[in-house]
Amino acid sequence: MSDFELSSDSAHITLDSVTKTFGQGRAAAVDNISMTMPAGKITVFVGPSGCGKTTTMRMINRLVEPTFGRITIGDKDLSSYNPDLLRRHIGYAIQRVGLLPHLTVAQNVAMVPKLLKWPKARINERVDSLLNLMGLDPAQYRDRSPSQLSGGQQQRVGVARALAGDPPVLLMDEPFGAVDPVTRARLQDELLRIQSEVRKTVVFVTHDFDEALLLGDMLAIFGPGSRLEQFDTPSAVLAAPASELVRSFIGGGAAFKRLRLMGLLEFVRPELAPGCAPGDMVVSVTTSAYEAINAVLSDPSAAVSVIDAGGSRVGWIDLDSVTHAMRRTRPMAEPAT
């Protein structure tokens, strides 16, 4: 096959028993990973350093070749493609951005469309459209050099460049790790806003569980020995951690710590959520959010009733409302130490 054609709505990514070893007799850098990442959603790879997250991601665009196993996007086996042609159809954004300093912002963004031999008018239209999407006025930014941009602006241009060829898949390797916490929070929000418009199949690598919880539609939690500890939705991971490592990620997360400071009424549902059964647990509005969440997690399939001082029900909390509350606790809200 000489080219790679795939729509975003069919760009699910499947890893089938994928293993990577570097050298005979060495431990696997990625150990027998199998999962299917849904099309049009953000899947976050999270785990400690050295657990195989980035190596797994880099096998998707064949910057690293699997030793064993099979990777497909849609029904297309990636091993049947020329790697250089494949990469032109998979966006890639990294922590250090990698903008070429001798090119303008517009020229950096236009690199992949030029390789794809798009007409000049289409390239110019695409560059301006993406800069607008990133909140960067083309009239103000397209002719600037990367050195004239802030760190956050450079990251936005890096994401624009990754999206420039309209790829069905976007790989992001700790793209916000090198900026300050306030800028990082803004970039996370921008990514969610952009994804709501473009609906790419995104694979995002981080070591920060809070970031994973905020961004991920699916979480792939990696552990020591380059094993996949759990692959599921954030709500399912919170409800049923698959291992002690996953529990430690959840319990040690800053989002859970910040929930101690939240009022319970900040995430009470006034009505019982459709399809959610009422449970036997009842908590008072004066109960801390942290204690109420423990009540929810004791029976994740049911909702907990919340009552006021007079015993009247004021609403319900369930696993989805807990997940949304944790996603709203922003890193920038934490005092500097």
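Visitor: Residues and numbers for the sheet that holds strand 7 (residues 169-173), please.
Guide: Overall, mixed pairing links the 6 strands, which are arranged 6-7-8-3-9-10 in an open sheet. Lying at the two open borders of the sheet, with one neighbouring strand each, are strand 6 (90-94) and strand 10 (227-232). When the angles between neighbouring strand axes are averaged without regard to direction, this sheet yields 15 degrees. Where strand 9 (residues 218-223) and strand 10 come together, 5 bridges link them in antiparallel fashion. Looking at the pairing, isoleucine 221 lines up with glutamine 230 of strand 10. Contacts between helix 1 (residues 53-60) and the sheet are confined to strand 3 (42-46), strand 6, strand 7, strand 8 (201-206) and strand 9, with strand 8 contributing the most and set at about 155 degrees to the helix. Set on the sheet, helix 8 (residues 181-198) makes contact with strand 3, strand 7 and strand 8; between it and strand 8 the angle comes to about 165 degrees.

Visitor: So what about the pattern of salt bridges? Which residues, and what values?
Guide: In total, this model carries 14 salt bridges according to the counting rule given. Glutamate 65 serves as the salt-bridge partner of arginine 62, at 2.9 Å between the closest nitrogen and oxygen. Of the residues examined, arginine 62 reaches a relative accessible area of 13% and is grouped as buried. When its relative accessible area of 34% is taken as the criterion, glutamate 65 is described as partly exposed. Aspartate 84 is the salt-bridge partner of arginine 87, the closest N and O atoms lying 3.2 Å from each other.

Visitor: Tell me about the sheet that holds strand 13 (residues 313-317), residues and numbers included.
Guide: Where strands meet in a sheet, backbone hydrogen bonds hold them as pairs that are either parallel or antiparallel. With mixed pairing, the 3 strands of this open sheet are ordered in space as 11-12-13. Strand pairing shows two members of the sheet lacking a second neighbour, strand 11 (277-284) and strand 13, which therefore form its edges. Across the sheet, the mean angle from the axis of one strand to that of its neighbour is 30 degrees, orientation sign disregarded. Here strand 12 (residues 302-307) runs beside strand 13; their pairing, made up of 4 bridges, is antiparallel. The partner of serine 305 across the bridge, within strand 13, is tryptophan 316.

Each value, and the rule that gives it
Residues numbered from 1 in each chain as written. Predicted model: local features only at pLDDT ≥ 70, side-chain atom pairs only at ≥ 80, totals over all residues. Heavy atoms only, no water. Pairing = 2+ DSSP bridges. Helix = DSSP H or I, 4+ residues; strand = E, 2+ residues; numbered from the N terminus. Axes fitted to C-alpha atoms, helices over the stretch in contact; angles between N-to-C directions. Contact = heavy atoms within 4.5 Å. Salt bridge = Lys/Arg side-chain N within 4 Å of Asp/Glu carboxyl O. Buried < 20%, exposed > 50% of the residue type's maximum accessible area, 1.4 Å probe, protein only.

Function cannot be read off these values alone, since they describe shape.
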